[in-house]
Amino acid sequence: MPAVFLVSTTFTLEGYDIVEQKGVVRGIVVRAPTISQGIVGGLKSIVGGNISAYADVCEAARQQAYDIMVEHALSRGANAIVGMRYDASDMGTAAEVLCYGTAVVVRPRA
């Protein structure tokens, strides 16, 4: 990965001009908790509160989807992504996480 790869939820990057669009890029991951995370999460759901075992699974899935999206953008010759978003859906025993945005080439504004 380059030393600087910009990713933003906005559609502009302060101090940069978008000189080329490379199209939509995405990363998708489907993850399920391990058996031990499932047991801990199940017990925690009985008493209520934050289920950190499930939160860890969700955060790992988000990070992996993000990394895949950036790899997709790099393979298209982009050096930035604008309009980045996450989407997630429950698939019963697993969660799908989608990370997507528009791959672009940017240059510092003169």
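Described in the following lines is the structure provided in the data block. (Residues numbered from 1 in each chain as written. Predicted model: local features only at pLDDT ≥ 70, side-chain atom pairs only at ≥ 80, totals over all residues. Heavy atoms only, no water.)

**A few points about the overall build of the chain**
Consideration 1: A tally of regular secondary structure across the chain gives two helices and four strands.
Consideration 2: Shown N-terminal to C-terminal, the secondary structure of the chain runs as helices and strands in the order β-β-α-α-β-β.
Consideration 3: For the chain, the proportion of its 110 residues judged to be buried stands at 27%.
Consideration 4: Long-range contacts, defined as pairs at least 24 residues apart, comprise 74% of the intrachain contacts of the chain with a sequence gap of at least 6.
Consideration 5: Surface summary for the chain: the accessible area is close to 6800 Å², and the carbon and sulfur share equals 56%. (Helix = DSSP H or I, 4+ residues; strand = E, 2+ residues; numbered from the N terminus. Buried < 20%, exposed > 50% of the residue type's maximum accessible area, 1.4 Å probe, protein only. Contact = heavy atoms within 4.5 Å. Areas by Shrake-Rupley, 256 points an atom, 1.4 Å probe, with all protein chains shown as cover.)

**Quick word on the pairing of strand β3 (residues 80-90)**
Consideration 1: As paired strands, strand β1 (residues 6-7) and β3 are joined by two bridges and run parallel to one another. Residue pairing across strands places Val7 opposite Ile81, the latter belonging to β3.
Consideration 2: Judged from the nine bridges that link them, β3 and strand β4 (residues 95-108) form a sheet pairing that is antiparallel. Its bridge partner lying in β4, Ala88 is registered against Val97.
Consideration 3: Here β3 folds back onto β4 in antiparallel fashion, the turn holding four residues, of which Gly92 has a positive phi close to 85°. (Pairing = 2+ DSSP bridges.)

Coordinates in, geometry out; function isn't part of it.
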